[in-house]
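Results of the structural survey
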Amino acid sequence: MTWRALDLFAPTDEHRLLAETVTQFVAAEVEPQAAGFNRDEKFNLALFRRCGDLGLLGLTVGEEVGGAGLDATASVIVHEALSTADPAFCLAYLAHAVLFVNNCYRNAAPAQRARFLPPAVRGAHIGGMCMTEPEAGTDVLGMRTTARRDGDAYVLNGRKTFITNGAVDDTTLGDVFLVYARTGERSISTLLVERDSAGFALGQRWKEKLGMRASMTAELVFDNCRVPADQLVGQEGESMQHMMRNLELERLALAAMSLGIAQRCLQVMVGYAGQRKAFGVPILEHGQIQRHIAESYAEYKAARCYVYDTARRLDLDRHGNRIDADGTKLFASRVAKEIADRAIQVLGGYGYMGEYVVERLWRDAKLLEIGGGTLEAHQKNITKDLARAPELILR
């Protein structure tokens with residue numbers, strides 16, 4: 001095979017099989033339930049378990065814990081496909097498969113991986129990550145949750161908020177979390193905290209969100225919550241390293257979600273414009289509509305190439321590609337929102353109605369400019385990296 005024949009979006013037979021499998025899964029099982037679960041603001045636990053049956057929950061972790069041992073490109077393929085139908089469900093998937101499973105696998109000790117990951121990979125347990133607090137988001141060192149060593153345990157006190165998979169319904173917590181807490185003046189540490197830990201409670205499940213309504217978002221409360229000391233991940237003060245190892249895949253996956261939204265909105269836009277007539281001809285023959293479609297196509301293709309090329313170069317076992325992880329999310333998230341906005345404009349009044357999926361995707365797209373790092377944080381990071389190493393421009 002010559003280099004011209006390389007498929008950037010599915011470079012191996014394994015990637016192609018995965019893409020076919022997840023595309024079929026989305027059409028048969030994800031799409032039919034999306035509107036209803038988002039309307040009712042409910043998490044589809046049965047569908048989540050199906051992801052476990054298909055091997056999607058442990059996509060990037062080793063076979064010794066039940067995973068598939070695949071790479072960042074595989075993760076991008078799944079996140080893009082799921083988000084063409086239900087970005088909210090995909091967000092719950094990301095919080096589990098990337099923020100918990102991949103994070104735990106890359107940073108935890110072998111005994112911790114052996115204990116916590118097999119049920120998470122099967123879908124028996126639902127995991128998440130707890131970093132954001134009521135008064136600390138991007139400013140990680142501003143967090144106030146503390147973990148104090150007390151004999152053979154750590155005592156956790158504080159609140160975490162906007163936690164995806166923090167709850168599975170109005171009253172039930174998720175099963176297991178990676179919780180970041182302060183263990184010193186400038187020391188942030190990571191603890192594995194289980195649902196039944198004494199002093200751990202659900203504060204509230206956030207409702208009436210703008211979008212992503214089928215993913216559960218919660219505030220979690222730690223009130224003298226005792227966590228066994230052997231559930232400390234790594235050493236005290238290593239959380240920043242843990243975050244860096246996982247953050248690049250997280251931001252790339254969020255960029256892939258943006259691709260799914262953009263792809264679906266473009267498809268709806270083109271299909272509608274070919275059928276809807278105005279002044280005796282299909283509206284896609286009018287220049288104003290052609291501009292919306294053409295610019296959306298070019299931007300989607302550019303974003304998709306950037307995301308998959310970055311995935312190709314991402315090594316999940318080390319960090320070092322922050323600039324493009326940030327860059328893909330910075331670019332793709334704005335592309336998704338803009339294309340969703342154009343789709344509504346092309347569909348006119350119909351685009352504003354729930355009958356067409358674009359109004360939901362437009363609402364969902366906004367979160368991708370905030371969650372996992374704000375646009376402003378990406379702009380800051382990219383500028384800092386380029387100032388330090390301007391040769392990255394031509395890499």
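Throughout what follows, the structure given in this document is the object of discussion. (Residues numbered from 1 in each chain as written. Predicted model: local features only at pLDDT ≥ 70, side-chain atom pairs only at ≥ 80, totals over all residues. Heavy atoms only, no water.)

**Brief notes about the overall build of the chain**
From N to C terminus, the chain includes 10 helices and 10 strands. Radius of gyration (C-alpha) of the chain: 21 Å, near the 21 Å computed for a compact globule of 395 residues. Taking the principal axes of its C-alpha atoms as reference, the chain extends roughly 80 × 50 × 40 Å. Within the chain, buried positions represent 54% of all 395 residues. Of the contacts made within the chain by residues no fewer than 6 positions apart, 74% connect residues no fewer than 24 positions apart. (Helix = DSSP H or I, 4+ residues; strand = E, 2+ residues; numbered from the N terminus. Rg over C-alpha atoms; globule rule 2.2 N^0.38 Å. Buried < 20%, exposed > 50% of the residue type's maximum accessible area, 1.4 Å probe, protein only. Contact = heavy atoms within 4.5 Å.)

**Here's the deal with the packing of aromatic side chains**
Enumeration over the complete set of coordinates arrives at eight aromatic pairs. Taking 5.8 Å as the distance between ring centres and 90° as the angle between the ring planes, the aromatic pair formed by Phe177 and Phe200 counts as edge-to-face. Here Phe200 lies in strand 6 (residues 200–206) and Phe177 lies in strand 4 (residues 176–184), a separation of 23 residues in the sequence. The buried category is assigned to Phe177, whose relative accessible area is 0%. Here a set of aromatic residues connected by ring pairs shows up, and it is made of Phe177, Phe200 and Phe222. (Phe/Tyr/Trp six-rings, centres within 6.5 Å; stacked < 30°, edge-to-face > 60°.)

**Quick word on the environment of Met243**
Structurally, Met243 is set in helix 6 (residues 239–275). By relative accessible area, Met243 is classed as buried at 9%. Considering only alpha carbons, one finds Met243 and Ala253, 10 residues apart in sequence, at a separation of 15 Å. Met243 has contacts with Met131, Val140, Tyr180 and Ile188, leaving out every residue within four places of it along the chain.

**Re helix 10 (residues 375–388)**
The terminal C-alpha atoms of helix 10, which comprises 14 residues, lie 20 Å apart, in line with the 20 Å expected from a rise of 1.5 Å per residue. Within helix 10 the residues assigned to the buried category are Leu375, Ala377, His378, Asn381, Ile382 and Asp385. Across the axial projection of helix 10, the buried residues extend over an arc of 155°, all falling on one side. Of the residues in helix 10, the exposed ones pointing more than 90 degrees away from the buried face are Glu376, Lys380, Thr383 and Ala387. Those residues of helix 10 that are buried lie in contact with helix 6 and helix 8 (322–347). (Expected span 1.5 Å × (residues − 1). Arc of directions from axis to C-beta.)

**A word on the packing of helix 3 (residues 72–83) against helix 6**
Close contact between helix 3 and helix 6 brings their axes to 7 Å; oriented N to C, the two are set at 35°. Crossing angle aside, the handedness with which helix 3 passes helix 6 is right-handed. Contacts between helix 3 and helix 6 involve Ala72, Ser75, Val76, His79, Glu80 and Ser83 on the former and, on the latter, Leu249, Leu252, Ala253, Ala256, Met257, Leu259, Gly260, Ile261 and Gln263. (Axes fitted to C-alpha atoms, helices over the stretch in contact; angles between N-to-C directions. Left-handed = near helix turned anticlockwise from the far one by under 90°.)

**Focus: the side chain of Gln33**
Note on placement: Gln33 falls in helix 1 (residues 13–40). Using a relative accessible area of 10% as the deciding quantity, one classes Gln33 as buried. Only 2.8 Å separates the side chain of Gln33 from the backbone oxygen of Val30, close enough to count as a polar contact. Side chain to side chain, Gln33 and Asn44 meet in a polar contact 3.1 Å long. Those residues within four positions of Gln33 in sequence are excluded, and the remaining contacts are Asn44, Leu47 and Asp86. (Polar contact = N/O pair within 3.5 Å; in protein donor to acceptor, adjacent residues only side chain to side chain.)

**Considerations on the environment of Asp150**
Examined against the element boundaries, Asp150 turns out to sit in strand 2 (residues 146–150). Judged by its relative accessible area of 32%, Asp150 is partly exposed. Separated by 97 residues in sequence, Asp150 and Asp53 have C-alpha atoms that sit 40 Å apart. Aside from chain neighbours lying at most four places away, what touches Asp150 is Val155 and Arg226.

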